[in-house]
Each structure stands twice: as C-alpha cells, then as structure tokens.
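Geometric and topological summary
Chain by chain, the residues:
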Amino acid sequence: MRLFIAVDFSDEILDMLRDCQQQLQSQIRSAGMTAAENLHLTLAFLGETEEPARAVRAMEKISLPSFTLRVGGKAGHFGDLWWIGAEESRPLIRLADTLKKYLREEGFFIEEKKFRPHITIARRVVPVQDHHKIRLHVPEKEMNVGGFSLMKSERIGGRLVYTELYWKSLT
Ligand code: 2AM
C-alpha cells in the first residue's frame, strides 16, 4: 500500500483552497483538480510499504506541542503542478523533521530533500498561454494543528482515494 503522513485542514482553510482552485480553473484550458476531500499538507511520504504498524510506531514517538499553521499567502507551480504554500514555521519544520527521523529509525527510506510545505491544488495544468500569466489571489489563513494522520493512497476506478489509517494527537 502507498502511505504518507499529513495534516488535514480546517473548513476555513478548505474554503480558501477551493476558492484558489476556482480562480485557477477560470484561467486555464484543463487540469486534474485535487478533489476537495484530498486536500492536505504532506509531512512525509513513505511510498509503497506493507508496514503501517511501523509507521504508527514512529508517529507514537512524537511528543511535540500543538501549533499554529499558516496556509496561503503564496502560490506557485512545479512544472504543471500548482500548489498553495504554507509558512515554513519552526514547529512545522520540527514536526516534519522529527517524524522523518523516527520513520528512518523504523527502517523506512525517506528522501533527504528539503521539506517545502505545499498543498497540491491541481496537476497536469494546461494554461491558456503560459503558466506565468496565471494570477491567484491567495489570502493567508491560520489554524491550530492538534494532530496528524497516517494516510493510505489508492486508485479506485481511476479516482485517487485517501483513507486515514491512524491519527496521532500533539500534546
Ligand atoms: P505532491 O502533492 O507534491 O504530489 C500523496 O502522494 C502525497 O505525498 C502528496 O501530497 C505528494 O506530494 C506527497 N509526495 C511526496 N513525495 C512523493 C513522491 N515521491 N511520490 C508521490 N507523492 C509524493
């Protein structure tokens, strides 16, 4: 199974992200928009594994306080994938780094690349003219992060379906 660990959003942040998707939709030819229920902030990507219990053990070792997450204020694209940014705050980086350390201790191979907190809102975006012409107005919103989730990702009937397997609260 394909697993990743992520933070889910408040309704207010989901509304803001959906509004960004609508702004994008009105300026492009086509895209695969992320389904509303799949919008999340990935902390760590585990890839294919049959060891969810080891991922849970890594999550259980985390003893960090809840914190304020700021989402928005910036948008961008990696090639044809469009994202909304999240603030690279100390508590967020600390949570992602600590989690990756514990996942490696549990035997997972986790890429070393720098953590760039982002929310993918659309893939395979085909602009009308050029990606640089696209303008999104992205307000910044805050939420409290009280925990994070182990997620399973599957393709069911051509649709990407994410299922929460485990939730770990912050202190
Ligand atoms: P993305 O949004 O930038 O594609 C589920 O696939 C989540 O894990 C997505 O948020 C995805 O990020 C993230 N992820 C991180 N590394 C990945 C990888 N090598 N392959 C697929 N997804 C990855």
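Scroll up for the structure.
The text that follows walks through the structure, step by step, so that each part is easy to find. Just so it is clear, the model here is predicted, and its values are computed rather than measured.

1. A short note on the site of the ligand
The immediate surroundings of the ligand are formed by R2, F4, H40, T42, F45, E111, H118, T120, R123 and Y162. Measuring from an oxygen atom of the ligand, one finds a side-chain N or O atom of H118 at 2.7 Å. Between T120 and the ligand, the recorded distance is 2.4 Å, taken from a side-chain N or O atom to an oxygen atom. In the complex, the protein chains occlude 71% of the 470 Å² of accessible area that the ligand would expose alone. When atoms are counted within 2 Å of each cavity's grid points, the one that captures over half of the ligand is the largest pocket. Looking at the shell around the ligand, the elements with two or more residues in it are β1 (2–7), β3 (41–48) and β6 (118–127).

2. Concerning the sheet that holds strand β4 (residues 67–78)
Taken in spatial order, the five strands line up as β2-β6-β5-β4-β7 in an open sheet, and their pairing is antiparallel. The two strands at the open ends of the sheet, each matched to only one other strand, are β2 (28–33) and β7 (140–145). The sheet shows a mean angle of 35° between the axes of neighbouring strands, taken without regard to direction. Where β2 meets β6, four bridges bridge the pair, whose relative direction is antiparallel. Note that in β6 the partner of M33 across the bridge is A122. Helix α1 (residues 11–25) rests against β2, β4, β5 (81–86), β6 and β7 of the sheet, and its axis sits at about 15° to β6.

3. Here we look at the sheet that holds β3
Spatial ordering of the open sheet is given by β3-β1-β8-β9, a layout of four strands whose pairing is antiparallel. Single-partner strands in this sheet number two, and they are β3 and β9 (159–169). Put simply, the sheet's adjacent strands are angled 25° from each other on average, direction ignored. Relative to β9, strand β8 (residues 147–156) is paired through 10 bridges, and the arrangement is antiparallel. Opposite R155, over in β9, you have L160 as the bridge partner. Lying on the sheet, helix α3 (residues 90–105) is in contact with β1, β3 and β8; it crosses β3 at an angle near 15°.

Reading the values: rules and limits
- Residues numbered from 1 in each chain as written.
- Predicted model: local features only at pLDDT ≥ 70, side-chain atom pairs only at ≥ 80, totals over all residues.
- Heavy atoms only, no water.
- Near = heavy atom within 4 Å.
- Polar contact = N/O pair within 3.5 Å; in protein donor to acceptor, adjacent residues only side chain to side chain.
- Areas by Shrake-Rupley, 256 points an atom, 1.4 Å probe, with all protein chains shown as cover.
- 1 Å grid on protein atoms, 1.4 Å probe; cavity = no way out; pocket = protein on both sides within 12 Å on 5 of 7 lines; lining within 4 Å.
- Sits in = over half its atoms within 2 Å of the grid points.
- Helix = DSSP H or I, 4+ residues; strand = E, 2+ residues; numbered from the N terminus.
- Pairing = 2+ DSSP bridges.
- Axes fitted to C-alpha atoms, helices over the stretch in contact; angles between N-to-C directions.
- Contact = heavy atoms within 4.5 Å.

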